[in-house]
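# Fold and geometry: a report
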Amino acid sequence: MNVFQTPLTYLKGVGPNRSKTLASELNIHTYQDLLHLFPNRYIDRTRFHKIAELEQSSAEVQIIGKITDLKKVPQKKGERLVATFVDETGSMELVWFRGIKWIAQQLKPNQEYVAFGRVNWFNSVYSMPHPDLELLVEHEKGFQISMQPIYPSTEKLSNAGISNKVISKMVLELLTSHGNEIAETLSSEIIDQQKLMSLERAVKQIHFPKNSKYLAAAQYRLKFEEFFFIQLQLLANKMKRKQKIKGYPFKIVGESFNSFYKDHLPFPLTNAQKRVVKEIRSDMGSNAQMNRLLQGDVGSGKTIVAVLSMLIAIDNGFQACLMAPTEILAEQHYNAIKELLNAIAIEVRFLSGSTSKAERTSLAEGLKDGSVHILIGTHALIEDTVVFKNLGLAVIDEQHRFGVKQRSKLWRKNQLPPHVLVMTATPIPRTLAMSVYGDLDSSVIDEMPPGRKEIKTVWRSDRNRLKIFAFLKEEIKKGRQIYIVYPLIQESAAMDYKDLMDGYESISRYFPLPDYQISIVHGKMKSEDKAYEMDRFVKGQTQIMVATTVIEVGVNVPNASVMIIESAERFGLSQLHQLRGRVGRGAEQSYCILISGDKLSSDAKTRLETMVRTTDGFEIAEEDLKLRGPGDIMGTQQSGVLQLKIADVVMDKDLLMHARQIASILLKNDPLLSDSNNQPIKNAYNQIVKHKNIWNYIS
Ligand code: ADP
Ligand code: MG
């Protein structure tokens, strides 16, 4: 067994009590865990402050002085110990609230001490509670550190006496006794080429840096390492998947595709669409299963790409399905695709939770005998009763709403898994896509269909609502349609629902019948009522759609030119972007009006300002990532790869891309890592795979 797997309790100076606390508070169980407890920051211990130069904003300081007076001061509960501490420039107080008796005995008056700690301005004097205190002579003899590591801490830890100093000592003890056994994990080739510090040195320097230059080099090495092994894992998985998971090879592009492409395309494809169709075609034409992410901003035209892909499946004698996250969206897809394919003999059917029993029975037959070519629907598609004759392609729209598990359910229906195309309109920042979906292939539609006008976005206070309503009347007069969206957030549904209803009432008053027709759609309605209201709006029978975010995804009404978002500060950036994407789909100038209260958090302000500044989904996604951090963006983390110890996908994104590239080159040259020079990498990699933990590989 490797020494770093030793339980921490065996380390000198730890013992069962401390190890228990460290395990529960910081999840540290072994030597290795302690080695990877990286300091949050460092304090320059070469610098000494004078008492006269203290400021109220001084954080941690180090002062040389003498204790001239010691007294116990009664307080509400018990007493505190107060020492007067002076240097040649002034005087301050050192204060203890716990362990008073013992401390009072230890302190030696009129001798020079180094006091280190945080200072407060309290009762017109500076005081330092529970200082790290060391006699100057001891300090000068002792282990000289210039940059003191500050480790993560918790209240329980400090109450248990496990101070920063104690943790530093443990780490120092570990490094002194076993530091030299830290084995290298990278090949010397990579270390030389990338000018990296050795792992042993980096680990030592990250804890006790000699100076800031060494610290930077250590951080670089460890960040590189962290990214490198994640990418190596993702790329190796991808490679294995390509070799192992066979897919149906769609060798031909046949009658349906060609006839549709030549004679029935409603518009010429953009270059981006052409490129992506080509990528999908060649992917499905190989013997491996396709697992491809298709990213394209709202309105970039993903639907037609999905349709063309499905036609390829059909031309090869297979069926295809398209799964959407909501009933409304599924139905829209169904109607749009049915219309697109009207001219060629393709059987398209629909399935959702509200599909009747009779329809299901007939559908089941058609799916079984293969006469149904394309099935479109909600996640009703993955119910056990849905059995295809031969599903060749599954298209999944707006993947972030579906769990990975649901996706894999689609797989069980064949001998071979169908090809999978995941479409998302929420652009994922490149770096994040690489870390989370690094083992998927990805296609990006990065070009909008021609003739689109940029949506004008403004941010208004809710005091301006009447002015906005007047503007809406003008737009309606021109024949346009309008969305007004209210937030509906699960936990406070009752309140939000009231907001929506109040809003609906005042809108109804301002836009009275019979001149104005209003649709309303929200989550509490029955799906047939929703569909009815939606349908009236789609057909242009109503001019205003009052809705909650159910319309967020995918809904396509080209004549709608204004999107009003009420309480816009309560929406996340990607949601705002999705909502805005509902307009600007026709030839008319479109508007997005964000309405908010006046009291906003700074994050909310940034979100709204970002929306006003740009319509570029990728830029918005990057901003969102900065604001929320990677964990939140992807929802609850199915993927451990984002629980990074030291690297940061936002701050270190260049390094991430670089590490991926190096990993990719390595795998290309030595896919099995069998070259003896790559032995250290192989060992480390095997450790990771064994422990499923990226940081468990130091051996
Ligand atoms: P999304 O990527 O958001 O799903 P859609 O596929 O719904 O986008 O397309 C948005 C709109 O753009 C639709 O009305 C569609 O007909 C139209 N569209 C798509 N591609 C093109 C194109 N190449 N030229 C013109 N219009 C297009
Ligand atoms: Mg869409």
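Residues numbered from 1 in each chain as written. Chains lettered and ligands numbered in written order. Predicted model: local features only at pLDDT ≥ 70, side-chain atom pairs only at ≥ 80, totals over all residues. Heavy atoms only, no water.

In terms of helices and strands, the chain carries 24 helices and 22 strands. Projecting the C-alpha coordinates of the chain onto the three principal axes gives extents of approximately 95 × 70 × 45 Å. For the chain, the residues scored as buried account for 53% of the 699 residues in total. Put simply, the chain shows about 32,800 Å² of open surface, and 51% of that area lies on carbon and sulfur atoms. (Helix = DSSP H or I, 4+ residues; strand = E, 2+ residues; numbered from the N terminus. Buried < 20%, exposed > 50% of the residue type's maximum accessible area, 1.4 Å probe, protein only. Areas by Shrake-Rupley, 256 points an atom, 1.4 Å probe, with all protein chains shown as cover.)

In this section: the environment of T614. The topology assignment puts T614 in the loop between α21 (602-613) and α22 (617-633). Considered as a pair, T614 and I455 are 159 residues apart in the sequence and their alpha carbons are 9.6 Å apart. Excluding residues within four positions of it along the chain, T614 makes contact with R580, E619 and I620. (Contact = heavy atoms within 4.5 Å.)

Moving on to the sheet that holds strand β6 (residues 120-122). The 7 strands lie next to each other as β6-β7-β4-β3-β2-β5-β8, forming an open sheet whose pairing is mixed. On the outer flanks of this sheet lie β6 and β8 (132-135), each paired with one strand and no other. Direction aside, the axes of adjacent strands within the sheet are offset by 45° on average. Sheet analysis places β6 next to strand β7 (residues 125-129), joined by 3 bridges and oriented antiparallel. Opposite W121, over in β7, you have Y126 as the bridge partner. (Pairing = 2+ DSSP bridges. Axes fitted to C-alpha atoms, helices over the stretch in contact; angles between N-to-C directions.)

This paragraph deals with helix α19 (residues 527-538). For α19, spanning 12 residues, the distance from its first C-alpha to its last is 16 Å, which sits close to the expected 16 Å at 1.5 Å a residue. Residues of α19 that are buried: K530, E533, M534, R536 and F537. An end-on view of α19 places all buried positions within 155° of arc, on one side of the element. In α19, the exposed residues that point more than 90 degrees away from the buried face are E528 and Y532. Where the residues of α19 are buried, they touch α13 (327-340), β18 (481-485), β19 (518-521), β20 (544-547) and β21 (560-565). (Expected span 1.5 Å × (residues − 1). Arc of directions from axis to C-beta.)

Within the largest apolar cluster, 48 residues are counted, with the highest numbers of intra-cluster contacts made by F224, F228, F229, L232 and L375. A domain-level breakdown of this core finds at least three residues from each of domain 2 (199-244 + 647-697) and domain 3 (255-445). In contact with F228, not counting residues within four places along its chain, are L186, I190, A659, I662, A663, L666 and I681. One finds L265, V305, A306 and I312 within the second-largest nonpolar core, a separate group that totals 43 residues. (Core = buried A, V, L, I, M, F, W, Y, C linked by side-chain atoms within 4.5 Å. Domains from an automatic or database assignment.)

This brings us to the domain arrangement of the chain. Domain annotation for the chain reports domain 1 (46-144), domain 2 (199-244 + 647-697), domain 3 (255-445) and domain 4 (456-614). Domain 3 and domain 4 are separated by 29 Å when their C-alpha centres are compared. Residue-level contacts link 14 residues of domain 3 with 17 residues of domain 4. Summing the contributions of domain 3 and of domain 4, the shared interface buries around 1,200 Å²; its carbon and sulfur component is 59%. For the pair domain 3 and domain 4, the interface holds 0 salt bridges. Remark: the boundary between domain 3 and domain 4 carries 1 residue pair in polar contact (both at pLDDT 80 or more). (Buried area = accessible area lost by both parts, 1.4 Å probe. Salt bridge = Lys/Arg side-chain N within 4 Å of Asp/Glu carboxyl O. Polar contact = N/O pair within 3.5 Å; in protein donor to acceptor, adjacent residues only side chain to side chain.)

Here we come to the packing of helix α9 (residues 212-244) against helix α23 (residues 653-669). Where α9 meets α23, the closest approach of the two axes is 8 Å, and the angle between their N-to-C directions is 50°. Judged by the inter-axis angle, α9 sits oblique to α23. In this structure, α9 crosses over α23, and the sense of that crossing is right-handed. Here α9 contributes Y220, K223, F224, F227, F228, Q231, L232, L235, A236, K238 and M239 to the contact with α23, which in turn contributes L655, L656, H658, A659, R660, I662, A663, S664, L666 and L667. Here the residues of the contact of α9 with α23 sort into 15 nonpolar, 3 polar and 3 charged. (Parallel < 35°, antiparallel > 145°, perpendicular 65-115°, else oblique. Left-handed = near helix turned anticlockwise from the far one by under 90°. Nonpolar A, V, L, I, M, F, W, Y, C, P; charged D, E, K, R; others polar.)

Our next topic: the sheet that holds strand β14 (residues 391-397). Pairing within the open sheet is parallel, and its 7 strands lie in the order β12-β13-β11-β14-β15-β10-β16. Both edges of this open sheet fall to β12 (348-351) and β16 (441-445), since each of them pairs with a single strand only. Taking the axes of each pair of neighbouring strands and ignoring which way they run, one obtains an average angle of 20° across the sheet. Two strands pair when backbone bridges link them, and β12 and strand β13 (residues 374-377) are joined in this way by 4 bridges, in the parallel orientation. Within β13, the position partnered with R349 by the bridge is L375.

Glancing now at the site of ligand 1. For ligand 1, the set of nearby residues contains 16 residues, the closest of which are Q273, G299, K302, T303 and R452. P268 has a polar backbone atom sitting 3.0 Å from a nitrogen atom of ligand 1. Within the contact set of ligand 1, a nitrogen atom lies 2.8 Å away from a side-chain nitrogen or oxygen of Q273. For ligand 1, whose accessible area on its own is 560 Å², the fraction buried by protein is 81%. Here the residues of the shell around ligand 1 sort into 5 nonpolar, 7 polar and 4 charged. (Near = heavy atom within 4 Å.)

For α13, with 14 residues, the first-to-last C-alpha span of 20 Å sits near the 20 Å given by 1.5 Å per residue. For α13, every residue scored as buried is listed here: I328, L329, A330, Q332, H333, Y334 and I337.

We now examine the pattern of salt bridges. Tallied over the full model, the rule gives 26 salt bridges. The shortest N-O distance in the salt bridge between R275 and E279 comes to 3.6 Å. Of this pair, R275 and E279 both sit in helix α11 (residues 271-285), separated by 4 residues, roughly a single helical turn. Here R275 makes a salt bridge to D446, at a shortest N to O gap of 3.8 Å. With a gap of 171 residues between them, R275 in helix α11 and D446 in the loop between β16 and β17 (456-461) connect regions that are remote in the sequence. Residue R275 is classed as partly exposed on the basis of its relative accessible area, which comes to 34%. Taken together, the salt bridges that share partners define one network made up of R275, E279, D283, R292 and D446.

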